[in-house]
Every structure is written in C-alpha cells, then in structure tokens.
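Close look at the chain arrangement
The chain contents come next:
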Amino acid sequence: MKLDIHYFASVRERLGVEGQQLELAGSASVAELIALLTRAEPKFSVMIEATPSILVAVNQTVVGRSYILADDDEVAFFPPMTGG
Amino acid sequence: MISVQEQDFDIGHEYESLRVRAGDPGAIVTFSGLVREIYDTSESASAVVSGLFLEHYPGMTERCLEDIAEQALQRWPLLATRIIHRVGELGPKEQIVFVGTASANRHAAFESAMFIMDYLKSHAPFWKKQKSEDGSRWISSRASDAAAIKKWDLDN
C-alpha cells in the first residue's frame, strides 16, 4: 500500500520536511501508521510527543485514529487549526 | 462563492457584488477579521505583532470553505454568501478574512455569518504563525473557539 503523506505548520517545522511517500505491506489504521512512524523515525516520535492534539486528514477530510487507510491515500498531519 | 488568496480585498466591492448576486435581499451582514497589532497571549501580558504568516492546506482549504458555505445555505434561507480568506505574509492591521451573507431577513444573515466564522476558526485548515520582537511562534488553538463551534451542532 502506497501513502502520500503531508505535514503542515508546526508539525512540518518539527520534522523538517513537507511530506514523504511511504510503502506499507498490508493494511493499517491511522493509529497503526502513527505507531509505525513513531518507532521508525526519532523526529516523528519527538513531534508526536510535542503535539498531543495532532489531527489527521485522509484525502482532505479529518478522520479518527481507527480509520483504515487504503492504497494511494493522501494522509496529512497537522496541529489544531487557527484560522479566521 | 469562496476565495483563498494572498491579495487584499475591498469590502465595498464585496458588499456591492453580494448585493447584486442576492437579487432582492432585505439584509446583508458582513464581517471582516484583522491582524491585531497588540495581541494578548496566555504566556505573557501582550506582544507587539510585527507580522503574521498564514499557512493552509491547498485543496482541503477550498473544500472546507465550499462545505461550510453549503451548510450555511442548508440551515438558513440565504440568497448569497461570500467567504474570502487570505494566506501568506500579512502585516499588522491588515485584513485576514471576509464573510458576507445576504437574506430576506436579518436573523438569517446575522446567524449564518457567525456560524461561518465559528466554523472557520477551528475547522478550516489554516494555521497562524505570529512574528513579534520575541521571535516567531505558532498560535495555539483556543478552547473558546472549539466551544463556539459546538453550539452549532456540526455533523463532523
């Protein structure tokens, strides 16, 4: 399963990248993806620690942690919004 | 009608075009949000703001604004709506956001304009980074903004 991952605002700055392509064997939920990235990348682990209220959008809609990802999904991580 | 743009907007022009598009409105409400020069923070008494950077999620932002305009149209008998949100680098006292609603009566126009702004604050993917003499920092979301949207009983 291929994922197109994007990072925004403080999350992007903490990671130092705008996004990444990820290839996963088998299916995964959002929670499993977060766990995997936390284990694999020290910077991601530090970022998650600093952003407890992080939001996740899949294909540009905010989803919960139990959402099951599909091939070619666009996944975005960002802090709570502060527009207006 | 929605716009996400770097350039400034002219309220007089937006009001006139809303008035024409609405046909025969009895009420038009317009709201504009500005960059405050003196910003109260929870950490310190206040900070003098030298600028604001507004980041957004291209694609999702437009979808969210279209969705909120649509939800407002379903809840109130509106004749026209207009949402403009600026992104990029903004200076103190500049305009950030414009919301205009037109209806046959004032209650629908007032309430829907407030609904759109409450939604924008905590549901549209914009993030503000504030520059001051102490450096720059991302603005934290406010509990009061999250509470404001709850009263409208959104589906998501």
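Residues numbered from 1 in each chain as written. Chains lettered and ligands numbered in written order. Predicted model: local features only at pLDDT ≥ 70, side-chain atom pairs only at ≥ 80, totals over all residues. Heavy atoms only, no water.

In total, this model carries twelve aromatic pairs over all chains according to the counting rule given. Residues F44 of chain A and F77 of chain A carry aromatic rings whose centres are separated by 5.5 Å and whose planes lie at 85° to one another, so their mutual orientation is edge-to-face. Highlighted residues: F44 of chain A in helix α3 (residues 42–50) and F77 of chain A in strand β5 (residues 73–78), separated in sequence by 33 residues. Since its relative accessible area comes to 0%, F77 of chain A is described here as buried. Taking 5.6 Å as the distance between ring centres and 75° as the angle between the ring planes, the aromatic pair formed by W76 of chain B and W152 of chain B counts as edge-to-face. A residue pair is termed long-range when its members are at least 10 positions apart, and W76 of chain B in the loop between α2 (60–75) and β5 (78–86) and W152 of chain B in the segment after α4 (143–150) qualify at 76 residues. Since its relative accessible area comes to 10%, W76 of chain B is described here as buried. Taken together, the ring pairs in this structure connect F8 and F78 of chain A together with Y57 and W127 of chain B into an aromatic cluster. (Phe/Tyr/Trp six-rings, centres within 6.5 Å; stacked < 30°, edge-to-face > 60°. Helix = DSSP H or I, 4+ residues; strand = E, 2+ residues; numbered from the N terminus. Buried < 20%, exposed > 50% of the residue type's maximum accessible area, 1.4 Å probe, protein only.)

Our next topic: the pattern of salt bridges. Residues and elements named next belong to chain B. Summed over all chains, the structure comprises ten salt bridges over all chains. Linking R82 and E14 is a salt bridge whose minimum nitrogen-to-oxygen distance equals 2.8 Å. Of this pair, R82 sits in strand β5 while E14 sits in helix α1 (residues 11–22), placing them 68 residues apart in sequence. (Salt bridge = Lys/Arg side-chain N within 4 Å of Asp/Glu carboxyl O.)

Given a relative accessible area of 8%, E14 of chain B falls into the buried group. Discounting chain neighbours no more than four positions away, the residues touching E14 of chain B are R82, I84 and F98 of chain B. (Contact = heavy atoms within 4.5 Å.)

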